[in-house]
Amino acid sequence: MKQEMENGSGYCEDAVSGGRMVQTEEKINFGMVHKAFLLATITFTLLTSSNASHEQTRHYQFNITHQTVTKICNTKKLVAVNGQYPGPDLHVNEGDRLVIRVNNFVKSNVTLHWHGIRQLRNGWADGPSYITQCPIQRGGSYTYNFTIVNQRGTLWWHAHISFLRATVYGALIIHPKVNAHVPFPMPQSEVLLLIGEWWNADVEMVFNEAVASGVAPNLSDAFTINGQPGPLYNCSAEDTFTVTIKQGKSYLLRIINAALNAEMFFGIANHKLTVVEVDALYTQPIKTSAIVIAPGQTTTVLLHANQIRGQFYAAAHAYASGQGVPFNPTTTTAIFRYEDHSGFDPILPDLPQSNDTGFASGFDGRLRSLVTPEYPIKVPKKIHRRFLFTVGLAVKACQPNRTCAGPSGGRFAASINNVSFVAPTIALLQAHFFKIRGVFTTDFPSKPPFHFNFTGKAPKNLHPTEGTEATVIAYGDAVQIVFQDTSILATENHPLHLHGYNFFVVGRGFGNFKSSDESKFNLVDPPERNTIGVPVGGWAAIRFNADNPGIWFTHCHLDLHSTVGLETALLVQNGRGPLESLQPPPDDLPPC
Ligand SMILES: [Cu+2]
């Protein structure tokens, strides 16, 4: 037991796969997991879900500690879970209850978020700092306790405070119920591919320096796949994630974008990918040479090993949608290697150029929900509440005694409806539940305060206001939100993430949203997901039924935007029925 507690994840031995390969035949113990992390090259093994029993309570122990890690010739001490960078992957079944005790042994305040888990009536387990809980402080513990209801597929978990999720993240794979129909031929083997972002500097210092001076944070030094940058970076030939595949076999690739500040293009040389699921929701299959994936999103694809021999790079680089906006132009790679590969150098895929908005938009535009008798969708048709939320960058006026090294002598910021979110010091959900006044207001504007040509020439001196404002929504209301990008400083694709809900992406377009666009919405088979890349210089319309009471964070998943204010909260009221109210908080909710 001690071994398990130290290394990881409690009682369930198949819960963590150190090498991002999941296997059936051989049980992984945590000592091995640890070693597996040190190995850059790991051979392929088989998938596990078949022998896992269903609907169980799974206990995990996540110890937050420091770990010393070297990448691209740079050694640093980073914050990690159970000594692992990236953190442990969880493999669970639909219907399982997860009980994850988090013990914080580091100086930094920490919270963890289970990205995409709906947390029905249970926002206390959602995790965004100062929204649903105050942070777990050094020496403190908190147990995230939640049940996975009617969800299956690829999700993930990550820290939700400062820039800590750069190193504190892992996959959360939900295997479907035993007799559930999986709407595609399920391969025997699967590969997890977590795209991450690496800074040589301490990420909390990167964050704090940006906050102190009012500028955008420094760019990262590398991207990674499963924590490995790959051989296109200095000193990284050994730090390459490598998979051996067999000719004629199919593989399920679970791709997660855990990068902080970059949407990514991803592809594998000489191989097509067939998308079958996004954000743990099945899609109609789409065959493509590459995908675009925003931070927060997951994309599950089938790969058919149709080559005879050789080595092929899986590669990812940034989709940098904003003109003139600085970005990290480097490429991370992993190697897909056939058994017969001796004498073959790996081949790079032909990824879309970093500014290829046409490709990104075309890819997102092809996504459709599956819509079958087993997996029907309930797109709201009669809308009770309509919102127009402008999302974009901003410049805060310089206040006396602040450092203002940002644009035009102000401070770099971002806003929704010209309100730049200010984090409270008591969690919103606690203030809501215990009726504590003065923590937040409920007057978040339902539309922008000024109507201008949002995607044309930006108005000058449109400083945002600052506030901790929420939108109140009645239980059961059908909600439509149009996210409209603005050109303030620069238009840019913003990945908007809603906690507590999946939503249907019923429409998207370039330019300014017009109410007449609504007549063209797809209410038949729109894609359903939890994070949507709002087109650069454009808009995206989402719909959902407000059936989950609580306070739900709504924010850009580029941390450099969310941390300067591209955030707000939806307060969904309790309903009248017996199972329509937010549950009371657990006893160990961290104190504020
Ligand atoms: Cu953004």
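Residues numbered from 1 in each chain as written. Predicted model: local features only at pLDDT ≥ 70, side-chain atom pairs only at ≥ 80, totals over all residues.

> Lay out helix 3 (residues 203–213) in plain terms, naming residues and giving numbers.
Within the sequence span of helix 3, burial applies to Val 203, Val 206, Phe 207 and Ala 210. Relative to the axis of helix 3, the buried residues are bounded by an arc of 95 degrees and lie together on one face. Downstream of helix 3 by a residue or two, Gly 214 has a phi angle that is positive, lying close to 80 degrees. (Buried ≥ 20, exposed ≤ 12 C-beta atoms within 10 Å, placed from the backbone. Helix = DSSP H or I, 4+ residues; strand = E, 2+ residues; numbered from the N terminus. Arc of directions from axis to C-beta.)

> Could you give an account of the sheet that holds strand 31 (residues 550–556), naming the residues involved and the relevant values?
On the basis of which strands lie adjacent, the open sheet formed by five strands has the order 24-32-31-26-29 and mixed pairing. If you trace the sheet from one side to the other, it starts and ends with strand 24 (470–473) and strand 29 (531–534), each paired once. Neighbour-to-neighbour, the strand axes of the sheet open up by a mean angle of 20 degrees, direction not taken into account. Relative to strand 31, strand 26 (residues 494–498) runs antiparallel, the two sharing three bridges. Its bridge partner lying in strand 31, His 497 is registered against His 555. (Pairing = 2+ DSSP bridges. Axes fitted to C-alpha atoms, helices over the stretch in contact; angles between N-to-C directions.)

> Got a sec to walk through the nonpolar core? Specific residues and values, please.
Counting 155 residues, the largest nonpolar core has Leu 193, Ile 195, Met 264 and Ile 542 as its most contacted members. The element contributing the most residues to this core is strand 18 (residues 311–319), with seven residues. Setting aside residues up to four positions removed in sequence, Leu 193 forms contacts with Ile 225, Asn 226, Leu 253, Arg 254, Ile 255, Ala 314 and Ala 334. (Core = buried A, V, L, I, M, F, W, Y, C linked by C-beta atoms within 7 Å. Contact = placed C-beta atoms within 7 Å.)

> Account for the pairing of strand 12 (residues 250–257), with residues named and values stated.
Across the eight residues that make up strand 12, a large majority, seven, are buried. Across seven bridges, strand 9 (residues 189–198) lies against strand 12 in parallel orientation. For Ile 195, the partnering residue across the bridge sits in strand 12 and is Asn 257. Inspection of the sheet shows strand 12 paired to strand 17 (residues 298–304) by seven bridges, in the antiparallel sense. Among the inter-strand pairings, Arg 254 is bridged to a residue of strand 17, identified as Thr 300.

> Help me get a handle on the domain arrangement of the protein, residues and values and all.
Here the domain parsing of the protein yields domain 1 (2–190) and domain 2 (385–572). At the interface, 15 residues of domain 1 touch 16 residues of domain 2. Here the side of domain 1 that touches domain 2 is composed, by residue class, of seven nonpolar, five polar and three charged. (Domains from an automatic or database assignment. Nonpolar A, V, L, I, M, F, W, Y, C, P; charged D, E, K, R; others polar.)

> Quick rundown of the sheet that holds strand 15 (residues 281–288)? Include the residues and the values.
Strands sit in the order 10-9-12-17-14-15 across an open sheet of six strands; the sheet is mixed. If you trace the sheet from one side to the other, it starts and ends with strand 10 (222–225) and strand 15, each paired once. Each strand axis lies, on average, 25 degrees off the axis of its neighbour in the sheet, ignoring direction.

> Run through unusual backbone geometry, naming residues and quoting values.
Between Tyr 85 and the following residue, Pro 86, the backbone shows a cis peptide bond with an omega angle of -15 degrees. Position of Pro 86 relative to the elements: it lies in the loop between strand 2 (74–81) and strand 3 (90–93). Phi at Cys 73 takes a positive value of approximately 65 degrees, unusual for a residue other than glycine. Along the chain, Cys 73 turns up in the loop between strand 1 (57–71) and strand 2. Overall, Cys 73 belongs to the exposed group, with 10 C-beta atoms counted inside 10 Å. Even without glycine at this site, Ala 280 takes up a positive phi of about 65 degrees. Secondary-structure assignment places Ala 280 in the loop between strand 14 (273–278) and strand 15.

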